[in-house]
Amino acid sequence: MIFRPKLPCRLWDTWLFPWKGEFHLFYLETTGDQVWDRVGHVVSRDMLHWEERPHVKTRGLAGTWNDSPTFTGMTVEHEGRFYLFAGANPGGVEVVGIYVSDDLDHWREYDGNPVMRPQAPHYRVAPTPGVSNQEVDFRDPCVFRDPVDGMFHAVLCARAGEPGVEGTGAAFAHYRSPDLFRWEAMLPLAVVGDRFYHAEVPDVFCMNGTHYIIFSTMSFPLRIDTPSREAATGSFYLMGGRDFREPYRLPADPLLVGSGGYAGYRLGAYVLRTIPWKDGRLAYHIVNANPPVWGIPKMVCQQADGTLGLGYLPLMEGLETRTVVGSAGDVRLDGAVANFGAWRRDRNGLTGRAGAGAARLTVARGVPDCHISVRITGGTAERAGVCFKIDDREMALLYLDYTRNELYVGAGKLNAPWGLELFPAQDRARRPLKRDVSCNLRVFVRDQHVEAYLDDRWVFTYVLGGDAKADGVGLLVHRGESRFDELRVAAIESLS
């Protein structure tokens, strides 16, 4: 919901390259019927407003090493020159090549491409007959320089050995080079084929003495259940040691960003990568929509035990155009839906009550794109939350379900005189909730995209169905009484 190219161009996987106070966003770009036939390039100083730069032509003529669609890459700098890694798939075996630039705008293909290909005995090098995906995975390089040995290292999505009864062979290939052009195959950093079908777009980094590998994969054809999601698809992570070559392990809840399969197979937030940011790391990803967009960047948060989460980054507040609701005093109580419970206001907040059904209070109109923030105390209610994209028939909603210890996002409508009809969930996330402990719910709505945080920790990124043009914002209580404090609604710039 931050950036999308102008149609008919469409983006897919992205990689962000900070350089001299600017952020260069590169992305796989589709134009018309040509799928990923080039790499798009835009530049920003604030990560909110973007300037187009010349695209990088990455698809070659028939019979060349790169005559297939381009695969995800990475951009690095070495001795004042820039190197863009990108993949291709000649003859069913994926390979990686390099494009070189002196200014980040003009790129030339290296004559010795491809520079990396899968090598035996560590990696699968030929298609496996009888396997649904017969192509040889070897793509999405994460390239970095190790301060210990001074060498460049690349970690890639690959397969170690043949898929079979013991697993898919999904692995993180490890290659090293003295100069970015000559690469030597090493043992895999980790093999995860016992749990995952593939491990796409790896991202390797160190945080406070612990190394991590982030990767993306789907609950198809292998289902992935986590403590927070069922049938999860998105970006996951492994935890390692002080050296990136030390063994890695899977944490109890490895999902960093993504979604559950509650409304069928769903690919939402995907391909999470990171860059250094001030004293920590910033994470970014794409959102699969029609058309796809570059999502809201987040902070990587490390817990005392080394596990990771994603935290709120106040970046989107730079898109706010006006404050629509600054406090409970700005809300008119006649915005309540007739016969659907009762609302009262005191100096600091609002309280909603619905005995048998649901109570909704519309707090703002005319804000199709907005930032909503409110502190909720569950009280006796079974559910409490916010509504948006409200019209006379339906509404999108996000609520805390105190009976199930989970957050729910989806859509529904109020049926007179008391009922709340819920449509199939867009997503659900398990979280421990306490009725007597208030928590802050923060929601961004922009175009068809929604992102939510609970106590400034990421919970949801999803895409609304339908035309999503309604512009109301409200509060919702279901079966009981809940309190809402510190309410704020701000309008934000539309997504061009």
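Residues numbered from 1 in each chain as written. Predicted model: local features only at pLDDT ≥ 70, side-chain atom pairs only at ≥ 80, totals over all residues. Heavy atoms only, no water.

(A) Examining the packing of aromatic side chains more closely. By the definition in use, this model includes 27 aromatic pairs. Between Trp15 and Phe26, the ring centres sit 6.3 Å apart and the planes meet at 15°, which makes this aromatic pair stacked. Of this pair, Trp15 sits in strand β1 (residues 9-19) while Phe26 sits in strand β2 (residues 22-31), and the two are 11 residues apart along the sequence. Across the pair, Phe26 and Trp15 agree in class, each one buried. Where Trp19 meets Phe82, the ring centres are 5.2 Å apart and the plane angle is 90°; that geometry is what we call edge-to-face. (Phe/Tyr/Trp six-rings, centres within 6.5 Å; stacked < 30°, edge-to-face > 60°. Helix = DSSP H or I, 4+ residues; strand = E, 2+ residues; numbered from the N terminus. Buried < 20%, exposed > 50% of the residue type's maximum accessible area, 1.4 Å probe, protein only.)

(B) Main features of the nonpolar core. Within the largest apolar cluster, 64 residues are counted, with the highest numbers of intra-cluster contacts made by Phe3, Leu16, Met47, Trp50, Leu84 and Trp294. Residue contributions to this core peak at 6 residues, all from strand β18 (residues 269-277). Apart from residues no more than four positions distant in its own chain, Leu84 is found in contact with Trp15, Phe26, Val39, Val56, Met74, Thr75, Gly97, Ile98, Tyr99 and Trp107. (Core = buried A, V, L, I, M, F, W, Y, C linked by side-chain atoms within 4.5 Å. Contact = heavy atoms within 4.5 Å.)

(C) Spotlight on the pairing of strand β19 (residues 280-287). Counting buried residues along β19, 7 of its 8 residues qualify, which places the element largely inside the surrounding structure. As paired strands, β18 and β19 are joined by 7 bridges and run antiparallel to one another. For Ile275, the partnering residue across the bridge sits in β19 and is Leu282. Two successive antiparallel strands, β18 and β19, enclose a turn made up of 2 residues, where Lys278 displays a positive phi of approximately 55°. (Pairing = 2+ DSSP bridges.)

(D) Inspection of the sheet that holds strand β11 (residues 152-159) at higher detail. Read from one edge to the other, the open sheet built from 4 strands follows the order β10-β11-β12-β13, with strand pairing classed as antiparallel. The sheet is open, and its two edges are formed by β10 (138-145) and β13 (184-191), each paired on a single side. Averaged over all pairs of adjacent strands, the angle between strand axes in this sheet comes to 25°, irrespective of strand direction. As judged from the 6 bridges shared by β10 and β11, these two strands associate in the antiparallel manner. Looking at β11, one finds that Arg139 is bridged to Cys157. (Axes fitted to C-alpha atoms, helices over the stretch in contact; angles between N-to-C directions.)

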